[in-house]
Amino acid sequence: MSQVKEYAIYLCEECIDGISKECHTPGCALFLRTVDFHIDNARSKLGAATRIQAAIKAATGRLIEP
Ligand SMILES: [Zn+2]
């Protein structure tokens, strides 16, 4: 039986909507990262279906794949 783990991240509206190229919202999981690069990278590498899913994978990717 596999364990269920909870991992919470916080994304600003700009990152979710993909408005800005680099995040400047303190507290956001993609703060000071190039949003499009990380999301597109995560989307293609990890096969994330949606932009939010890709953003979550981009933010948590370091924990999953160091
Ligand atoms: Zn952000």
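Anyway, here's the lowdown on the structure attached to this text. (Residues numbered from 1 in each chain as written. Predicted model: local features only at pLDDT ≥ 70, side-chain atom pairs only at ≥ 80, totals over all residues.)

### Points about the overall build of the protein chain
- The number of helices and strands found in the protein chain is three helices and zero strands.
- In the protein chain, the succession of helices and strands from N to C terminus is α-α-α.
- Counting every position in the protein chain, which comprises 66 residues, the buried fraction comes to 23%.
- Long-range contacts, defined as pairs at least 24 residues apart, comprise 21% of the intrachain contacts of the protein chain with a sequence gap of at least 6. (Helix = DSSP H or I, 4+ residues; strand = E, 2+ residues; numbered from the N terminus. Buried ≥ 20, exposed ≤ 12 C-beta atoms within 10 Å, placed from the backbone. Contact = placed C-beta atoms within 7 Å.)

### Observations concerning the nonpolar core
- Counting 10 residues, the largest nonpolar core consists of Leu11, Cys15, Cys23, Cys28, Leu30, Ala54, Ala55, Ile56, Ala58 and Ala59.
- Here this core gets five residues from one element, more than from any other, and that element is helix 3 (residues 51–64).
- Setting aside chain neighbours within four positions, we find Cys28 in contact with Tyr10, Leu11, Cys12, Cys15 and Cys23. (Core = buried A, V, L, I, M, F, W, Y, C linked by C-beta atoms within 7 Å.)

Treat this as a map of the structure, not an account of what it does.
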